[in-house]
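# A look at the structure
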Amino acid sequence: MARVEPLSHAEASWRCEPASFPFKTTDELRTLDEIIGQGRALKSIDFGLGITNHNYNIFVLGESGTGKYTTLKAIIDKKAKGEKVPDDWCYVYNFSDPDSPKTVNLPPGKGFLLVAEMDDLLEILKRDIPKVFESKDYEKHRDEIYDGQQERTRAIFVKLEQRAAERSFVLKKSVGGLSVAPAKDGKALSQDEFEKLPSDKRRVVEDEMKALQDKLSDSIRDARVIEKETKERVTALDREVVQYVVNPLINEIVDKFKEFPSVVEYLAEIKEDVLNNIDDFRPKDETPLSLGPIRLQKHEPTFERYKVNLIVNNKDAAGAPVIFESNPTYYNLFGRIEYRVQFGVATTDFTMIKAGSVHKANGGYLIINAIDMLRNIFVYDSIKRMIKNREVRMEDVWEQYRLLSTSTLKPSPIPVNLKLVIIGEPFIYYLLYNLDNEYRKLFKVKSDFDTVMPKTVENIEMYSYFIATRCKEESLKPFDAAGVSRVVEFGCRLAGDRDKLSARFNDIQNLVVEASYWAGVDSAATVSGVHVEKAVDERIFRNAKIEDKLRDYIKEDTIMVDTSGFVAGQVNGIAVLDPGDYAFGKPSRITARTYMGDAGVVNIEREVKMSGRIHNKALMILTGFLGERFAQKIPLTFSATVCFEQLYDEIEGDSATCTEFYALLSSLSGAPVNQGIAVTGSMNQRGEVQPIGGVNEKIEGFFGVCKAKGMTGAQGVIIPRRNVKNLMLRQEVVDAVREGKFSIYPIDFVDEGLEILTNTPVGERKPDGTFPEGSVNRLAADRLLALAKSLKEFGKTPPAKTGKLEDNKKEKAENNKKTIKQKKRRN
């Protein structure tokens, strides 16, 4: 097996040469208009915005910082500018059903015009109609009607009085009204006088009185008919004179809106309502009502029903609306009905209907954040209902939860035609997709933003344009070529692959801003590479408190990690800790102990339930590899424990598989392991080393510990060769590699790393199944054979006499059996 050579300093990182840029500073570059590195996502957005089917709404997903919202807003704004401006929407009074206000849609700007026209109409009516009733001409015609009524009524009763007088009767007024009474000499007889009359004459008088009473009833009925006719004539007069005011005004508005049938119908209803409620416009007595010292509230007529509630006004809009609702509560999205409280009573009307974001975005685009949508009760189901029914209803969603129902308005629904775009994290998308069948039908377009993009010459150039754009838009200092180079390198490090660049432009922008600040601190005219490196170092310093604390514990030997010397059965592994804002590598000691038995490899973390499933799987893979290598002729009969020392929380992942293998082989063979070399990497059952994550953080983490405890020149890290392309190490690590103070060993198979750690040949299997003398594999195989023989010999030894404790156990077991038998007999 050929010895693995450590990587050169050039392989430990990638450097972007400033000479590759044809500019001196970013002031010479154009601003960036296009979106970088999101071809797949942009194509999906174009498809989703272009298709008109109402079920093809868009879910934009991607990790935070990939520019989802900025990109989406820019694309939609550009598309919306060239589209038709949607209609205005108004709510008007429903004269046939006041609890259900009607909707009126008009071309942009017409709604505002209708509101102004109706406001002017109402003011003119309130001013001119009272004047009509105060005119002498109106009073003359009204008095003529009332005079005619009085004459006709008087004639009826005069005739009746004459007829009664001819028969010796008079009309008598009482509290109950008019009545007929017998008379003598023109005076009504009293009851006593009437009783003194002879019975025959009294009978004749009663018959005559009954006949006259019927005539009186007929006369009263005729008088009431005359009174009714008079009222109708006065009402007709009122309508006639009011029409002289109303008709020209209404007709003028109708001429302006004659192509809109709903408005013409509404104006006709207003005209009829005005004519039916003329008394509301009559001059009012200004004298306040009072009851002693208490002044009573006078009832004033309301004219709110003649107003127009313009809830969506697109008069000044240019193109289709684009609405981003940052707080998508139910009422913010679907509108609300407000109330006014007066004297402890809450009232409302159609003028207090307020539009939501759905109304404002109707005919355009509505953007919502997924997590905010799901946090707010009622919103998600209401959105789906809106898409399915293609209408938006304004409802009191809490009504069903009240103990007492309250009467409220039920506004007519408004047809909806909008494109809904939801922005969220990938886990929310897949959660909804897999758990909600309706979601799949309503959000059929997925736009997935990537976090990385290929490191091509074109994309590197786009990076420089992006930096130039940020500098110009945020008034930052320009970057020179060296500064741009360092930002590109940072993007490569952020991507975790030297062949990729990061598409998390929020992080890139933050670095640009911070580097400009440090250039200002140095009073530099331009931002150079040293300022970018300063910004990176300062960011690490601000966030690395936990890493520094752990490194101090290792330096103080509170956390025991050796970085020099040789120890059997002990290897340094490296884990990545990521509290959220900063990830770093943490070395830890992994030990293995092997002894006689048949328990196999026991993972201590698993036994105490401190390891995850992936880690447990990795240990089973390791056991399979050991069995294939050493159990071809003898059974693999041994016991071993593997432990992550000083680990107090759960461990997960398979990146320590190689480390655990080396600790086991070292313990079995007795070959000591170099403590100055840490290991990371997973393996499969064939012994091939598989790539892992966080390789840069792991190398830098162990390097930092070695630096703190003292560099020896023989320290380094073993990594999977497949991770070499991920290396973008900090400059101090690269310098240490260049100077030979620190080594990085890439391996393809686990045996290569074992040879590096032990400085002993691993040994390949010979045709007879044995390993070369003195090799690590031979030492391990011999130890396993010795353990197997010892176990076999131990099995032949007669068992020793049981002690008192064993006797007690047997006696207790016998007593239990007897007790069970007795219970069975009883049953």
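No experiment lies behind these values; they were computed from the predicted model shown.

### Regarding the overall build of the protein
From N to C terminus, the protein includes 26 helices and 32 strands. For the protein, whose C-alpha radius of gyration is 48 Å, the value lies well above the compact-globule estimate of 28 Å for 827 residues. Seen along its three principal axes, the alpha-carbon backbone of the protein occupies a region of about 160 × 100 × 55 Å. Taking the intrachain contacts of the protein between residues at least 6 apart in sequence as the baseline, contacts between residues at least 24 apart amount to 77%. Of the roughly 44,200 Å² of accessible surface on the protein, 51% is carried by carbon and sulfur atoms. Across the protein, the 122 positively charged side chains and the 124 negatively charged ones have centroids separated by 6 Å.

### Some remarks on the sheet that holds strand E3 (residues 102–106)
Strands sit in the order E3-E2-E9 across an open sheet of 3 strands; the sheet is antiparallel. This sheet does not close on itself; its edge strands, each paired only once, are E3 and strand E9 (308–312). For this sheet, the mean inter-axis angle between neighbouring strands, taken without regard to orientation, is 30 degrees. In this sheet, E9 lies alongside strand E2 (residues 88–92) in antiparallel orientation, the contact comprising 4 bridges. When the sheet's bridge partners are listed, Cys-90 is paired in E9 with Leu-310. Sitting on the sheet, helix H3 (residues 110–133) is in contact with E2, E3 and E9, with an inclination near 160 degrees to E9. Each of E2, E3 and E9 is contacted by helix H7 (residues 261–276), which is oriented at about 130 degrees to E3, the strand it contacts most.

### Observations regarding the environment of Ile-414
Within the fold, Ile-414 resides in strand E17 (residues 414–415). Residues Ile-414 and Val-264, spaced 150 residues apart in sequence, show a C-alpha to C-alpha distance of 19 Å.

### Describing empty space enclosed by the protein
In this approach a probe as big as a water molecule rolls over the atoms, and the regions it shows empty are the leftover space. Scanning the model with the defined rule gives 3 cavities of 30 Å³ or more in all. Of the volumes computed, that of the largest cavity is approximately 90 Å³. Surrounding the largest cavity, His-54, Asn-57, Met-386, Ile-387, Arg-390, Val-416, Asn-417, Leu-418 and Leu-420 form its lining. Among the residues making up the lining of the largest cavity, the classes are represented as 5 nonpolar, 3 polar and 1 charged.

### Side note on the side chain of Asn-314
Locating Asn-314 in the fold gives a position in the loop between E9 and strand E10 (322–325). A distance of 3.0 Å separates a polar side-chain atom of Asn-314 from the backbone oxygen of Asp-87. Excluding anything up to four places from it in sequence, Asn-314 contacts Val-85, Pro-86, Asp-87, Asp-88, Pro-108 and Gly-109.

### A closer look at the pairing of strand E32 (residues 742–747)
For E32, the buried fraction is high: 6 of the 6 residues fall into the buried class. Covered by surrounding structure in E32 are Phe-742, Ile-744 and Pro-746 together with Ser-743, Tyr-745 and Ile-747, the residues of both alternating faces. Of the pairings in the sheet, the one linking strand E31 (residues 715–720) to E32 comprises 6 bridges and is parallel in character. Paired with Gly-716 across the strands is Ser-743, a residue of E32. Between E31 and its parallel partner E32, the chain crosses via helix H23 (residues 731–738), and the hand of that crossover is right-handed.

### Things to note about the sheet that holds strand E15 (residues 365–369)
Within the open sheet, the 5 strands sit side by side as E10-E15-E18-E1-E19. Their pairing is parallel. The open sheet has two free edges, formed respectively by E10 and strand E19 (445–448), since each of these has just one partner strand. Taking each pair of neighbouring strands and ignoring which way they run, the sheet shows an average axis angle of 20 degrees. Where strand E1 (residues 58–61) meets E19, 4 bridges bridge the pair, whose relative direction is parallel. Directly across from Ile-58, in E19, lies its bridge partner Val-445. Against the sheet, helix H1 (residues 39–50) engages E1, E15, strand E18 (419–424) and E19, with an angle of about 155 degrees to E19.

### With respect to the packing of helix H4 (residues 136–166) against helix H6 (residues 199–256)
One can describe the packing of H4 onto H6 by two numbers: an axis separation of 10 Å at closest approach and a directional angle of 175 degrees. Classed by the angle they form, the pair H4 and H6 counts as roughly antiparallel.

### Brief notes about the nonpolar core
The biggest cluster of nonpolar side chains holds 43 residues, and the ones touching the most others in it are Phe-661 and Tyr-662. In terms of residues, this core owes the most to one element, helix H21 (residues 657–669), which gives 7 residues. Filtering out sequence-adjacent residues up to four positions away, Phe-661 remains in contact with Leu-622, Phe-625, Leu-626, Arg-629, Met-683, Val-750 and Asp-751. Of all hydrophobic cores here, the second largest spans 40 residues; its members include Ala-355, Val-392, Leu-420 and Leu-432.

### Quick notes on helix H15 (residues 481–495)
The end-to-end C-alpha distance of H15 is 21 Å, a good match for the 21 Å that 15 residues give at a rise of 1.5 Å each. For H15, the buried fraction is high: 13 of the 15 residues fall into the buried class. You can read the cap of H15 off the contacts: a side-chain oxygen lies 3.2 Å from the backbone nitrogen of Ala-482, and it is on Asp-480. Directly beyond the C-terminal end of H15, a positive phi value near 75 degrees is found at Gly-496.

### Section: the pairing of strand E23 (residues 570–577)
Where E23 meets strand E24 (residues 584–595), 8 bridges bridge the pair, whose relative direction is antiparallel. Bridging from a neighbouring strand, Asn-572 pairs with Arg-589 of E24. Here E23 folds back onto E24, and the loop between the two strands holds 6 residues, one of which, Gly-580, carries a positive phi near 135 degrees. Here 2 bridges tie E23 to strand E28 (residues 677–679), and the two strands are oriented parallel to one another. Bridge pairing in E28 links Asn-572 to Ala-678.

### Focus: the side chain of Ser-588
Its place among the elements puts Ser-588 in strand E24. The class for Ser-588 is buried, based on a relative accessible area of 11%. With residues up to four places along the chain from it excluded, the contact list for Ser-588 reads Val-561, Val-571, Asn-572, Gly-573 and Phe-644.

### A word on the packing of aromatic side chains
Both the distance between ring centres and the angle between the ring planes are used here to describe each pair of aromatic rings. Under the defined criterion, the tally for this structure stands at 27 aromatic pairs. Consider the rings of Phe-257 and Phe-260, whose centres lie 6.3 Å apart with planes at 50 degrees: the pair is tilted. The exposure class assigned to Phe-257 is buried, which follows from its relative accessible area of 0%. By relative accessible area, which is 14% here, Phe-260 ends up buried. Plain terms: the ring middles of Tyr-330 and Phe-334 are 5.0 Å apart, the flat faces sit at 35 degrees to each other, and that makes the pair tilted. Of the two residues, Tyr-330 and Phe-334 are both situated in helix H8 (residues 330–334); the distance of 4 residues between them amounts to about one turn of the helix. Judged on exposure class, the residue Tyr-330 and its partner Phe-334 are both buried. These aromatic residues form a ring-pair network of at least three members: Phe-59, Tyr-429, Tyr-430, Tyr-433, Tyr-439 and Phe-443. Of note, Arg-440 hangs over the ring of Tyr-433, and the distance from its end group to the ring centre comes to 4.8 Å. Between the NZ or CZ atom of Lys-455 and the centre of the ring of Trp-14, over which it lies, the distance is 3.7 Å.

Definitions and limits used
- Counting restarts for each chain, with residues numbered from 1 along the sequence as it is written.
- Only residues with pLDDT of 70 or above have their local features reported here, since the model is predicted, and side-chain atom pairs are shown and tallied only from 80 upward, although totals for entire chains, interfaces and linings are computed over all residues.
- Excluded from the side-chain calculation are hydrogens and water; included are all heavy atoms of the structure.
- Numbering goes from the N terminus for both helices and strands, where a helix is a DSSP run of H or I of at least four residues and a strand is a run of E of at least two.
- As defined in this context, the radius of gyration uses C-alpha atoms, and a globule is described by 2.2 Å times the residue total to the power 0.38.
- Every residue pair with non-hydrogen atoms within 4.5 Å of one another is taken to be in contact.
- Methods summary: accessible areas were calculated by the Shrake-Rupley approach with a probe of 1.4 Å, and residue burial reflects only the protein chains presented.
- When charges are tallied, Lys and Arg are placed among the positive residues and Asp and Glu among the negative ones, while His and the ends of the chain are skipped.
- For this purpose, a charge sits on NZ of Lys, CZ of Arg, CG of Asp or CD of Glu.
- The criterion for strand pairing is that DSSP finds at least two bridges linking the strands in question.
- All axes are obtained by fitting lines to C-alpha atoms, using only the stretch in contact for helices, and the reported angles, taken between N-to-C directions, cover 0 to 180 degrees.
- Grid spacing is 1 Å over the protein atoms alone, the probe is 1.4 Å, and a cavity is where that probe fits but cannot get out, while a pocket is an open set with protein on both sides within 12 Å along at least five of seven lines and lining residues have an atom within 4 Å of a point.
- Grid points are joined across faces, edges and corners, and a volume is the space filled by probe spheres set on the points.
- Gly falls in the polar group here, along with every residue not listed as nonpolar (Ala, Val, Leu, Ile, Met, Phe, Trp, Tyr, Cys, Pro) or charged (Asp, Glu, Lys, Arg).
- Residues adjacent in sequence count toward polar contacts only when both atoms are side-chain atoms; beyond that, a polar contact is any pair of N or O atoms within 3.5 Å, and within protein one must be able to donate a hydrogen and the other to accept it.
- Burial status follows relative accessibility: with a 1.4 Å probe on protein chains alone, a residue under 20% of its type maximum counts as buried, one over 50% as exposed, and anything between as partly exposed.
- Viewed with both strands pointing away, a crossover whose connecting path from the first strand over the helix to the second turns clockwise is right-handed.
- Working rule for angles: under 35 degrees goes down as roughly parallel, over 145 as roughly antiparallel, 65 to 115 as roughly perpendicular, anything else as oblique.
- Nonpolar cores are built from buried Ala, Val, Leu, Ile, Met, Phe, Trp, Tyr and Cys residues. Side-chain atoms within 4.5 Å join them into one set.
- In a helix, the anticipated span is given by 1.5 Å times the number of residues less one.
- Any two of the Phe, Tyr and Trp rings considered here, Trp counted by its six-membered ring, make a pair once their centres fall within 6.5 Å; the pair's planes then place it as stacked at under 30 degrees, edge-to-face at over 60, or tilted in between.
- A positively charged side chain is recorded as over a ring if its NZ (Lys) or CZ (Arg) lies within 6 Å of the ring centre. The angle to the ring normal must also be within 35 degrees.

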